[in-house]
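Structural description and commentary
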Amino acid sequence: MTVLRGLIGVLVGLAVSVGFVQILELMLANAVAGRPLQSMDDYAVVLNALPVLGMRLVVTSFVALLGGYVCAKLAEADEMRYTLIAVIFRILAIGGGNAAGYMPRTPMWALAVLLTVSTGAMLAGGAVRAAAAAVRNVSTNHRKENLS
């Protein structure tokens, strides 16, 4: 059951940290452009402006933090292992999507910065949840010892 929970955590963490970010970036690009954009090249032009890249970095990091936390919460055991699996698949999905043209192309230097910072954020989200679970386990064990 724990493996199944871990895999569900990985999938939900990926959905949050990749899928939700893509929706937010597309809405951001349309808002900044002031008109509906028609092609991936149009999106790329808007999303690769330096101020928008800065906004993307902040948004991606916060959503990756949430994705790491949700992944670890759903995994319930071995939180960091499953968060690391989600991080690896996230890097592969974003890198592959960028290379294949399924996502608006991002310059390599910007993609490296986005992936580096958001990977750290996703791992931090998993670590926060793992620490909370560890504290809860310690306090539960302490209460059991006091009752005995």
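Above: the structure in question.
This report concerns the structure included in the present document. The residue numbers shown here count from 1 along each chain, following its written sequence. Predicted model: local features are reported for residues with pLDDT of at least 70 only, side-chain atom pairs are reported and counted for 80 or more only, and whole-chain, interface and lining totals are derived from all residues. Heavy atoms throughout the structure, all of them, feed into the side-chain values; hydrogens and water do not.

1. Comments concerning the environment of Thr-119
- What counts as a helix is a DSSP run of H or I of at least four residues, what counts as a strand is a run of E of at least two, and both are numbered from the N terminus. Structurally, the position occupied by Thr-119 is in helix H5 (residues 108-147).
- Taking C-alpha positions, Thr-119 is 8.6 Å from Arg-90, a pair spaced 29 residues apart along the chain.
- Once residues within four sequence positions are removed from consideration, Thr-119 is found in contact with Val-87, Arg-90 and Ile-91. Contact definition: two residues touch when any of their heavy atoms are within 4.5 Å.

2. Describing a nonpolar patch on the surface
- Patch criteria: residues need more than 30% relative accessible area and no salt bridge. Like-charged residues are merged within 9 Å; nonpolar side chains of Val, Leu, Ile, Met, Phe, Trp and Tyr are merged within 5 Å. The method behind every accessible area is Shrake-Rupley, applied with a 1.4 Å probe, and residues are considered shielded solely by the protein chains displayed. Between Lys or Arg on one side and Asp or Glu on the other, a salt bridge is scored when a side-chain nitrogen of the former is within 4 Å of a carboxyl oxygen of the latter. The grouping of Leu-50, Trp-109, Val-113 and Val-117 at the surface amounts to a nonpolar patch, some 400 Å² of accessible area in total.
- Top element by residues in the nonpolar patch is H5. It accounts for three residues.
- Looking at where Val-117 falls in the secondary structure, it is placed in helix H5.
- Working definition: with a 1.4 Å probe on protein chains only, accessible area under 20% of the residue-type maximum means buried, over 50% means exposed, and in between means partly exposed. Overall, Val-117 belongs to the partly exposed group, its relative accessible area being 38%.

3. Details of helix H3 (residues 50-75)
- A helix is expected to span 1.5 Å for every residue after the first. If you check H3, its first and last C-alpha atoms are 37 Å apart, about what 26 residues at 1.5 Å a residue would give, namely 38 Å.
- When H3 is considered as a whole, its buried residues turn out to be Val-52, Leu-53, Arg-56, Thr-60, Ser-61, Val-63, Ala-64, Gly-67, Gly-68, Cys-71, Ala-72 and Ala-75.

4. Examining the pattern of salt bridges
- In total, this model carries three salt bridges according to the counting rule given.
- A salt bridge links Glu-76 to Arg-5; the shortest N-O distance between them is 3.3 Å. Of this pair, Glu-76 sits in the loop between H3 and helix H4 (79-100) while Arg-5 sits in helix H1 (residues 2-33), placing them 71 residues apart in sequence.
- In this structure Glu-76 comes out as exposed when scored by relative accessible area, which is 54%.
- Residue Arg-5 is classed as partly exposed on the basis of its relative accessible area of 27%.
- Residue Arg-81 is joined to Asp-78 by a salt bridge in which the shortest nitrogen-to-oxygen separation is 3.2 Å.

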